[in-house]
Amino acid sequence: MQSTPHQIKTWYHWLCTMLLGFMIVSMSACNAQTQDANAPQNKVVPKPPVGTNIGLTLTGYNYTNRYIDTFEVNGQGGGNLFVSGPNGGGGKSVCCVNYVTGPGAWKVTVRWQADACVYNDYTDAEGGEHHRMHSYFKEARVEVDPKVPDHPGYFEVHIYPDGHVEAAITENESPPRLILSKNREDNSEYPRCPNGKKPKE
């Protein structure tokens with residue numbers, strides 16, 4: 001069955017309309033891509049105004065030669081700290097230390113496990129002793145480094161071998177301040193507590 005001239009004309013008109021529509025859609029998409037390519041890629045994030053309360057991610061760095069079972073900043077637990085190595089501070093990041101933006105010195109209280117002893121927790125029916133560890137803590141009042149970035153994100157605690165502590169606010173997590181070998185780690189057992197008993201708090 002042959003197509004009539006009218007049917008051919010209708011089909012031709014439909015084909016032209018479809019092609020024109022396709023060209024318009026393609027040009028629009030191309031134009032949108034060009035606009036996106038020309039758009040600024042790095043939006044400037046404004047500095048938070050003075051008085052803004054920010055939750056900073058807490059992270060610790062252990063430059064001593066002993067595992068630190070726990071540390072905290074103003075009562076906020078920071079978890080445990082393995083001894084730092086060349087590529088890491090020794091601890092995981094946790095939430096959060098509250099910081100209010102603004103000028104002026106800011107001090108925090110840092111508390112950490114600095115030593116321990118082992119005592120006899122109980123003796124079982126067969127006469128076997130079961131031991132537990134008693135931790136000794138140190139505490140320091142630390143002035144936070146006053147150089148604060150425009151977009152604070154982390155609160156870093158650096159615990160040094162001589163027992164002093166430094167604290168800083170950073171935008172991103174920093175590499176260790178001391179590049180130390182993990183071979184320094186002391187894995188020896190803690191000594192027995194006096195008389196093998198739990199010390200009084």
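Numbering of residues starts from 1 in each chain and follows the order in which that chain's sequence is written. Per-residue local features of the predicted model are confined to residues with pLDDT of at least 70, and side-chain atom pairs are confined, for both listing and counting, to 80 or more; whole-chain, interface and lining totals are unaffected and use all residues. Excluded from the side-chain calculation are hydrogens and water; included are all heavy atoms of the structure.

Is there a simple way to think about the overall build of the chain in this case?
Scanning the chain from terminus to terminus reveals one helix and eight strands. Reading the chain from its N end, one meets helices and strands in the order α-β-β-β-β-β-β-β-β. Note on exposure labels: buried denotes an accessible area under 20% of the residue type's maximum, exposed denotes more than 50%, and partly exposed covers the range between, all computed with a 1.4 Å probe on protein chains only. Put simply, the chain has 201 residues, and 26% of those count as buried. Contacts were defined at the residue level, with two residues in contact if any of their heavy atoms lie within 4.5 Å. The long-range fraction of contacts in the chain, counting pairs at least 24 apart against all pairs at least 6 apart in sequence, stands at 61%. Split by element, the accessible area of the chain, about 13700 Å² in all, is 55% carbon and sulfur. Helix numbers and strand numbers start at the N terminus; a helix is a DSSP run of H or I with at least 4 residues, a strand a run of E with at least 2. In these tables, accessible area is a Shrake-Rupley quantity obtained with a 1.4 Å probe, and a residue counts as shielded only by the protein chains included in the view.

Looking at this structure, I do not really get the pairing of strand S1 (residues 53-62). What am I missing?
For a regular strand, the rule is simple: side chains alternate between the two faces of the sheet. With seven of ten residues buried, S1 lies mostly within the body of the structure. At least two DSSP bridges between two strands are required for those strands to pair. As defined by bridge partners, S1 adjoins strand S4 (residues 94-100) across six bridges and the pair is classed as antiparallel. Within S4, the residue paired with leucine 56 across the bridge is valine 97. For S1 and strand S7 (residues 154-159), the ladder comprises six bridges, and the chain directions are parallel. When the sheet's bridge partners are listed, threonine 59 is paired in S7 with glutamate 156.

Where do I start with the state of the cysteines in this structure?
What we call a disulfide is simply a covalent bond connecting the sulfur atoms of a pair of cysteines. Criterion for a disulfide: a pair of cysteine sulfur atoms at a distance within 2.5 Å. This model, assessed by the stated rule, comprises two disulfides. Two residues, cysteine 95 and cysteine 96, share a disulfide whose sulfurs are 1.5 Å apart. Disulfide cysteine 95-cysteine 96: torsion about the S-S bond near -80 degrees, hence left-handed. What pairs with cysteine 117 in a disulfide is cysteine 193, and their sulfur atoms sit 1.9 Å apart. Judged by the torsion about the S-S bond (90 degrees), the cysteine 117/cysteine 193 disulfide is right-handed.

Whenever I open this one, the pattern of salt bridges confuses me. Can you help?
If charged atoms from side chains of opposite charge come close, those side chains can pair. Salt-bridge detection follows one rule: a side-chain nitrogen of Lys or Arg within 4 Å of a carboxyl oxygen of Asp or Glu. Considering all chains together, one arrives at five salt bridges under this definition. Residues aspartate 150 and lysine 47 are paired through a salt bridge, measuring 3.7 Å at the closest nitrogen-oxygen approach. Remark: lysine 47 occurs in the loop between helix H1 (5-38) and S1 and aspartate 150 occurs in the loop between strand S6 (129-143) and S7; sequence separation between them is 103 residues. The exposure class assigned to lysine 47 is exposed, which follows from its relative accessible area of 56%. Residues glutamate 166 and arginine 177 are paired through a salt bridge, measuring 2.5 Å at the closest nitrogen-oxygen approach. Of this pair, glutamate 166 sits in strand S8 (residues 165-170) while arginine 177 sits in the segment after S8, and the two are eleven residues apart along the sequence. Relative accessible area serves as the criterion here: at 28%, glutamate 166 is assigned to the partly exposed category. Residue arginine 177 is classed as partly exposed on the basis of its relative accessible area, which comes to 37%.

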